[in-house]
Amino acid sequence: MNTQTPVLVSHKLCPYVQRAVIALKEKQAPYERIDIDLAAKPAWFLALSPLGKTPVLRVGSEAIFESAVICEYLDDTMAPMLHPSDALQRAKHRAWIEFASATLNTIWSFYTAKDVLTYQSSASALAERFRQIENVLDDGPYFAGAAFSLVDAAFGPAFRYFDVFDRVSGIDFFTATPKVRAWRQALAARPSVREAVSDDYPVLLRDFVIRQGSIIGERLQAE
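What follows covers helix 9 (residues 201-211). Of the positions making up helix 9, those classed as buried are Tyr201, Leu205, Val209 and Ile210. The buried residues of helix 9 all sit within an arc of 165° when viewed along its axis, so they share a single face. Relative to its buried face, helix 9 has exposed residues pointing more than 90 degrees away, namely Val203 and Arg211. Residues of helix 9 that are buried in the fold lie against helix 1 (15-26), helix 4 (87-111), helix 6 (150-169) and helix 10 (215-221). Gly213, located one to two residues past helix 9, shows a positive phi value of around 65°.

And the structure:
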């Protein structure tokens, strides 16, 4: 097991970074964090990240990129395990982590939509994703019941967007999905999820969305 303190190369708004931070905090693992500007990527970062994306985890002289891979590495090397021990359940969880990534793509389409048709279609797609999740949730409070898992770490950052969007979107995405709504609330109360972003995250997200010139951005600016 590598005992060197890992370094997480990050961006303050990146939801994929948040996944890794949540996993590190759940494991109470020491780490260093370096936030970069993705609009002006430093050369040393591009040398570490072939895709030019955050997060990157530096462990000694090695660099690991892609959030799912980083979280798997952390789970392989640090207790407590956040994946199920059963292979079939572990595969199921990995599949729903991929679903969370697809949900983030739909969220991006929603908050960058500049015309009503795109806005409405992406909102409908989001609502459908939450209905799909509703069908697989049990009694909670987390995805797998009482145990917090990497699926929860993947969805916590996705739900966080709506803390900013709810007040201006005119859409309650969780009315028809009470289990998802309760799950969102449980994740929002989890210390690792709360602490995965800086205190100025809501303001940074608001300003970022406003710069997109989208429908949501215009509504946020008009508040």
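Now that the structure has been shown, we can carry on.
Another aspect to go through is the sheet that holds strand 2 (residues 32-35). An order of 2-1-3-4 is seen for the four strands of this open sheet, with the pairing classed as mixed. Edge positions in the open sheet fall to strand 2 and strand 4 (62-65), since each of these has one partner strand only. Direction aside, the axes of adjacent strands within the sheet are offset by 20° on average. Its contacts with the sheet place helix 1 against strand 1 (7-10) and strand 2, and it is angled at close to 155° to strand 1.

The next point concerns helix 4. Between its terminal C-alpha atoms helix 4 stretches 36 Å, which fits the 36 Å expected from 25 residues at 1.5 Å a residue. Buried within helix 4 we find His93, Trp96, Ile97, Phe99, Ala100, Ser101, Thr103, Leu104, Thr106, Ile107, Phe110 and Tyr111. Along its buried surface, helix 4 packs onto helix 1, helix 5 (116-134), helix 6, helix 9 and helix 10.

Bringing the packing of helix 6 against helix 7 (residues 178-189) into the picture now. When two helices pack together, you describe them by how their axes are tilted relative to each other and by the distance separating the axes. In the contact formed by helix 6 and helix 7, the axes pass within 9 Å of each other and the chain directions differ by 95°. Accordingly, the angle class assigned to the pair helix 6 and helix 7 is roughly perpendicular. Residues Val151, Asp152, Phe155, Gly156, Phe159, Phe162, Asp163 and Asp166 of helix 6 touch helix 7, and the partners they reach there are Val180, Trp183, Arg184 and Leu187. Its residues placed into classes, the contact of helix 6 with helix 7 shows seven nonpolar, one polar and four charged.

Look at helix 5 against helix 6: their axes get within 14 Å of each other, and the N-to-C directions meet at 135°. Considering their axes alone, helix 5 and helix 6 lie oblique with respect to each other. In terms of crossing hand, the pair formed by helix 5 and helix 6 is left-handed. Counted together, Tyr119, Leu126, Phe130 and Ile133 of helix 5 and Phe155, Phe159, Phe162 and Ser169 of helix 6 form the full contact between these two elements. Classifying every residue of the contact of helix 5 with helix 6 gives seven nonpolar, one polar and no charged.

For the structure shown, the criterion picks out 23 aromatic pairs. With a centroid separation of 6.3 Å and 70° between ring planes, the pair formed by Tyr111 and Phe208 is classed as edge-to-face. Here Phe208 lies in helix 9 and Tyr111 lies in helix 4, a separation of 97 residues in the sequence. Given a relative accessible area of 6%, Tyr111 falls into the buried group. The residue whose ring lies beneath Arg129 is Phe99, and the NZ or CZ to ring-centre distance is 5.2 Å.

So, on to the state of the cysteines. Applying the stated criterion across every chain yields a total of zero disulfides. There is no disulfide at Cys14, and the cysteine sulfur nearest it, in Cys71, is 11 Å away. By relative accessible area, Cys14 is classed as buried at 10%.

It is worth spelling out the environment of Arg184 at this point. Here Arg184 lies in helix 7. When the C-alpha atoms of Arg184 and Gly156 are compared, they prove to be 7.2 Å apart, with 28 residues separating the residues in sequence. In contact with Arg184, not counting residues within four places along its chain, are Phe159, Phe162, Asp163, Asp166 and Phe174.

Each value, and the rule that gives it
- Residues numbered from 1 in each chain as written.
- Predicted model: local features only at pLDDT ≥ 70, side-chain atom pairs only at ≥ 80, totals over all residues.
- Heavy atoms only, no water.
- Buried < 20%, exposed > 50% of the residue type's maximum accessible area, 1.4 Å probe, protein only.
- Helix = DSSP H or I, 4+ residues; strand = E, 2+ residues; numbered from the N terminus.
- Arc of directions from axis to C-beta.
- Contact = heavy atoms within 4.5 Å.
- Pairing = 2+ DSSP bridges.
- Axes fitted to C-alpha atoms, helices over the stretch in contact; angles between N-to-C directions.
- Expected span 1.5 Å × (residues − 1).
- Parallel < 35°, antiparallel > 145°, perpendicular 65-115°, else oblique.
- Nonpolar A, V, L, I, M, F, W, Y, C, P; charged D, E, K, R; others polar.
- Left-handed = near helix turned anticlockwise from the far one by under 90°.
- Phe/Tyr/Trp six-rings, centres within 6.5 Å; stacked < 30°, edge-to-face > 60°.
- Lys NZ or Arg CZ within 6 Å of the ring centre and 35° of its normal.
- Disulfide = S-S within 2.5 Å.

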